[in-house]
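Listed below are the residues making up each chain.
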Amino acid sequence: MEVNDYIRRTLRIIDQLAPKISPKYLPIVRDAAGAGAWDLAISTLVGAVWEEGVVITTAEKDALRELMEYLQEPLTRLEQIRTSD
């Protein structure tokens, strides 16, 4: 994955999951993305989904996995997130 593709995918998954996470985390995710701190935006988004017990689709989880792997981040929390399908 190239950097521009990574950024596009990051923005897309943030938009998809934004309605599902609480206002506690949403500004952090959006501010990080707006500042170009994509790694912080994705890790915070995954942490929020995990901590809040948000159920996401398998496609959303796969998208997050690809981004986390690109960042070489551990998948521990991601693997514990439940999917709806």
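Remember, predicted model here, so these are calculated numbers, not experimental data. (Residues numbered from 1 in each chain as written. Predicted model: local features only at pLDDT ≥ 70, side-chain atom pairs only at ≥ 80, totals over all residues. Heavy atoms only, no water.)

What follows is about a nonpolar patch on the surface. There is a patch of nonpolar side chains on the surface, built from Met 1, Val 3 and Tyr 70 and spanning about 260 Å² of accessible area. Mapped onto the elements of the fold, Val 3 is located in helix H1 (residues 3–17). (Patch = residues over 30% accessible without salt bridge, like charges linked within 9 Å, V, L, I, M, F, W, Y side chains within 5 Å. Areas by Shrake-Rupley, 256 points an atom, 1.4 Å probe, with all protein chains shown as cover. Salt bridge = Lys/Arg side-chain N within 4 Å of Asp/Glu carboxyl O. Helix = DSSP H or I, 4+ residues; strand = E, 2+ residues; numbered from the N terminus.)

A word on the packing of helix H2 (residues 26–34) against helix H3 (residues 38–51). Two numbers describe a pair of packed helices, the interaxial angle and the distance between the axes. Interhelical geometry of H2 versus H3 gives an angle of 160 degrees and a closest axis separation of 7 Å. When the interaxial angle is binned, H2 and H3 end up roughly antiparallel. H3 is crossed by H2, and the crossing has left-handed handedness. For the pair H2 and H3, the contacting residues are Ile 28, Val 29, Ala 32 and Ala 33 in the first and Trp 38, Leu 40, Ala 41, Thr 44 and Leu 45 in the second. (Axes fitted to C-alpha atoms, helices over the stretch in contact; angles between N-to-C directions. Parallel < 35°, antiparallel > 145°, perpendicular 65-115°, else oblique. Left-handed = near helix turned anticlockwise from the far one by under 90°. Contact = heavy atoms within 4.5 Å.)

Turning next to the nonpolar core. In a soluble, globular protein the nonpolar side chains are often hidden away together inside. Ranked by internal contacts, the top residues of the largest apolar core, which has 24 residues, are Leu 45, Val 49 and Leu 64. Elements represented by at least two residues in this core include exactly H1, H2, H3 and helix H4 (58–71). For this core, the element with the highest residue contribution is H3, accounting for seven residues. If near-sequence neighbours (up to four positions away) are discounted, Leu 45 is found in contact with Ile 13, Ile 14, Leu 17, Ile 21, Val 29 and Leu 64. (Core = buried A, V, L, I, M, F, W, Y, C linked by side-chain atoms within 4.5 Å. Buried < 20%, exposed > 50% of the residue type's maximum accessible area, 1.4 Å probe, protein only.)

Let us now look at the packing of aromatic side chains. Working definition: an aromatic ring pair is given by the centre-to-centre distance plus the angle between the planes. Here the structure, examined in full by the defined rule, presents one aromatic pair. Measuring from ring centre to ring centre gives 4.6 Å for Tyr 6 and Tyr 70, while their planes differ by 25 degrees; the resulting arrangement is stacked. One end of the pair, Tyr 6, is in helix H1; the other, Tyr 70, is in helix H4, with 64 residues separating them in the sequence. Accessibility expressed as a relative area gives 32% for Tyr 70, which makes it partly exposed. (Phe/Tyr/Trp six-rings, centres within 6.5 Å; stacked < 30°, edge-to-face > 60°.)

At a closest axis distance of 11 Å, the pairing of H1 and H3 adopts a crossing angle of 30 degrees. Classified by the angle their axes make, H1 and H3 are roughly parallel. Judged by the sense of rotation from one axis to the other, the crossing of H1 with H3 is left-handed. In this structure, H1 contributes Tyr 6, Ile 7, Thr 10, Leu 11, Ile 13, Ile 14 and Leu 17 to the contact, and H3 contributes Trp 38, Asp 39, Ala 41, Ile 42, Leu 45 and Val 49.

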